[in-house]
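Inside the fold
Below are the chains, spelled out letter by letter.
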Amino acid sequence: MFRTSISRISTLLRNPNPHRLLIPNPIPITTKNTKKAQIFSPKMPSQQILPITYHPPPSTTEKLLSKSEDDPATRLLLFSHFEDEEKSAPSRPLLPKSASYTFNTSSAAAAATPAGSANNNQKRRRRTASDNSLYSLSSGSSSEEAAERHSSAGNVEHAATETYLVTRLSLKLLSYLGVGYRWIARFMALGCYSFLLMPGFIQVGYYYFFSKQVRRGIVYGDQPRNRLDLYLPKNSDGPKPVIAFITGGAWIIGYKAWGSLLGQQLSERDIIVACIDYRNFPQGTISSMVQDASQGISFVCNHIAEYGGDPNRVYVMGQSAGAHIGACAIVDQAIKELGEGESTSWSVSQINAYFGLSGGYNLFNLVDHFHSRGLYRSIFLGIMEGENSLHRFSPEVMIQDPNVRTAASLLPPIILFHGTADYSIPSDASKNFAETLRSLGVKAESILYEGKTHTDLFLQDPMRGGRDDMFEDLVAIIHEGDSEALARDAVAPSRRRLVPEFMLKLAHKVSPF
């Protein structure tokens with residue numbers, strides 16, 4: 001009997017589908033403690049469930065299903081296991097929805113189908129999955145191309161969106177920092193202006209970096225940017241007159257190379273030019289700029305003979321902000337020489353004349369004008385070390401101070417060049433300063449050029465070639481009394497054009513200065 005039971009159990013264990021089923025034929029089992037046989041039957045209230053892995057034959061399963069309709073206990077034993085598993089573990093189909101299924105209460109009949117039918121269902125599911133895989137492979141190439149096109153279009157759209165966002169945030173950041181639309185508009189105009197003059201800039205840059213007549217980066221002091229460039233004439237017979245030139249740049253972007261065009265053209269007329277670099281804001285404020293300019297002038301006065309210059313014919317010149325800095329340096333040096341015990345390394349008596357090109361000399365009259373042009377009051381006052389320092393750094397005002405008024409007698413001749421169409425610094429700045437100096441007994445003159453803008457006199461006209469009125473006036477003053485130099489000037493070749501005329505006219509219109 002036990003041998004028969006073991007064979008039945010081993011048969012049941014070979015089925016891979018786990019089910020908790022009541023054994024269909026009750027098996028009497030006798031224990032050691034009792035002689036009475038205990039029969040396991042589904043109708044007994046004390047029945048016990050033996051968990052056995054077993055797939056019943058079709059006939060047995062059909063009997064159980066028909067029996068479960070009448071017997072609730074059999075129904076509970078057949079289906080409670082599957083209901084518990086569905087509640088405890090989520091269904092994760094391995095195949096697409098069309099090829100997968102999940103056991104639930106309504107699919108109980110599927111659990112009772114014959115084994116052959118179950119195998120057929122599995123084959124159909126595998127075939128459906130294979131068909132889906134073949135379909136995806138066949139349509140893969142076309143879908144990849146469509147995906148690539150969609151991805152490219154998305155990338156372009158994303159780049160455009162990001163560019164717009166970054167631009168908008170950058171403009172907002174500039175506005176928070178105090179750089180308003182006026183500065184932004186002027187930067188854009190400056191870009192167009194520079195592009196139109198680029199042919200001339202390239203030629204001047206080539207000369208600056210490769211000409212043997214240019215001595216770049218000569219150290220004149222121990223502060224940052226205490227360097228100067230020398231433009232030497234090809235003719236080296238005898239000492240030459242010298243101009244110590246201070247470039248402009250709104251006290252913010254000044255650089256010694258800005259004077260390379262003027263240095264090149266003046267050196268062709270046997271005049272040495274020393275372009276002085278200086279600290280700009282915020283690296284330094286106006287007092288640092290004036291100090292650097294004064295030290296650069298001192299170097300020229302004391303060392304220019306080593307480079308073929310004539311120390312007895314030294315001139316100082318400044319353009320725009322450089323004209324203001326140079327005038328401050330000249331007036332400050334005269335005041336120092338007036339005081340007793342002041343040690344100086346150079347003297348205003350060594351300066352033959354001062355040339356101011358498109359400069360401003362009374363800051364009280366220019367604060368509001370600069371603010372309307374985009375150089376805001378807060379920034380400008382920061383450069384000038386506060387409102388209380390405007391008096392000190394306004395040469396026109398400073399020279400009228402009763403305490404230092406006698407220093408005007410020490411000043412050299414002052415010649416101021418200005419264009420009447422200058423909107424960056426109105427030409428009245430030069431006119432008023434010249435009148436003030438003349439009222440104090442200083443030899444001063446303002447020369448105005450009709451219709452010229454802030455940059456016409458310094459860039460467009462020199463790039464145009466031919467005759468340049470301001471340039472000829474400057475050379476004539478320097479060579480005054482030198483008959484040989486004047487004779488050479490009379491037969492000097494005409495300066496060549498660097499930029500086409502139509503580009504110069506466009507630059508004149510779009511100039512932000």
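Please read all numbers here as calculations on a predicted model, not as lab measurements.

Overview of the nonpolar core
Judged by nonpolar contacts, the single largest core of 64 residues is most densely connected at Trp251, Ile297, Phe380 and Leu411. Residues within four places of Phe380 in sequence aside, it is in contact with Trp251, Leu363, Val367, Phe370, Leu375 and Leu390.

Digging into empty space enclosed by the protein
Space left empty within the atom packing is revealed by a probe, the size of a water molecule, rolled over the atoms. With the rule as written, the count across this model stands at three cavities of 30 Å³ or more. The volume enclosed by the second largest cavity comes to roughly 50 Å³. Residue lining of the second largest cavity: Leu261, Leu262, Gln265, Leu457, Phe458, Pro462, Asp468, Met470 and Phe471, and that is the complete set. Among the elements of the structure, α9 (260–267), α16 (456–464) and α17 (469–478) are those that each provide at least two residues to the lining of the second largest cavity. Split by residue class, the lining of the second largest cavity holds seven nonpolar, one polar and one charged.

Structural notes on the layout of surface pockets
What the largest pocket holds in volume is close to 1200 Å³. Secondary structure elements with two or more residues in the lining of the largest pocket: α7 (181–196), α8 (198–210), α9, α12 (367–373) and α16. In terms of residue class, the lining of the largest pocket is made up of 27 nonpolar, eleven polar and two charged.

Details of the pairing of strand β10 (residues 444–449)
Two strands pair when backbone bridges link them, and strand β9 (residues 414–419) and β10 are joined in this way by six bridges, in the parallel orientation. Opposite Phe417, over in β10, you have Ile447 as the bridge partner. On the question of chirality, the crossover connecting β9 to the parallel β10 by way of helix α15 (residues 428–439) is right-handed.

Let's talk about the confidence of the model for the chain
When the pLDDT values of the chain are averaged, the result is 78; 64% of them are 70 or greater. The low-confidence segment residues 16–48, where pLDDT is below 50, has 49 contacts with residues more than four positions distant or belonging to other chains. Counting interchain partners and residues more than four positions distant, the pLDDT-below-50 stretch residues 133–138 has zero contacts.

Rules and cut-offs
- Residues numbered from 1 in each chain as written.
- Predicted model: local features only at pLDDT ≥ 70, side-chain atom pairs only at ≥ 80, totals over all residues.
- Heavy atoms only, no water.
- Core = buried A, V, L, I, M, F, W, Y, C linked by side-chain atoms within 4.5 Å.
- Buried < 20%, exposed > 50% of the residue type's maximum accessible area, 1.4 Å probe, protein only.
- Contact = heavy atoms within 4.5 Å.
- 1 Å grid on protein atoms, 1.4 Å probe; cavity = no way out; pocket = protein on both sides within 12 Å on 5 of 7 lines; lining within 4 Å.
- Points joined across faces, edges and corners; volume = space filled by probe spheres on them.
- Helix = DSSP H or I, 4+ residues; strand = E, 2+ residues; numbered from the N terminus.
- Nonpolar A, V, L, I, M, F, W, Y, C, P; charged D, E, K, R; others polar.
- Pairing = 2+ DSSP bridges.
- Right-handed = clockwise from strand over helix to strand, strands pointing away.
- pLDDT = per-residue confidence, 0-100.

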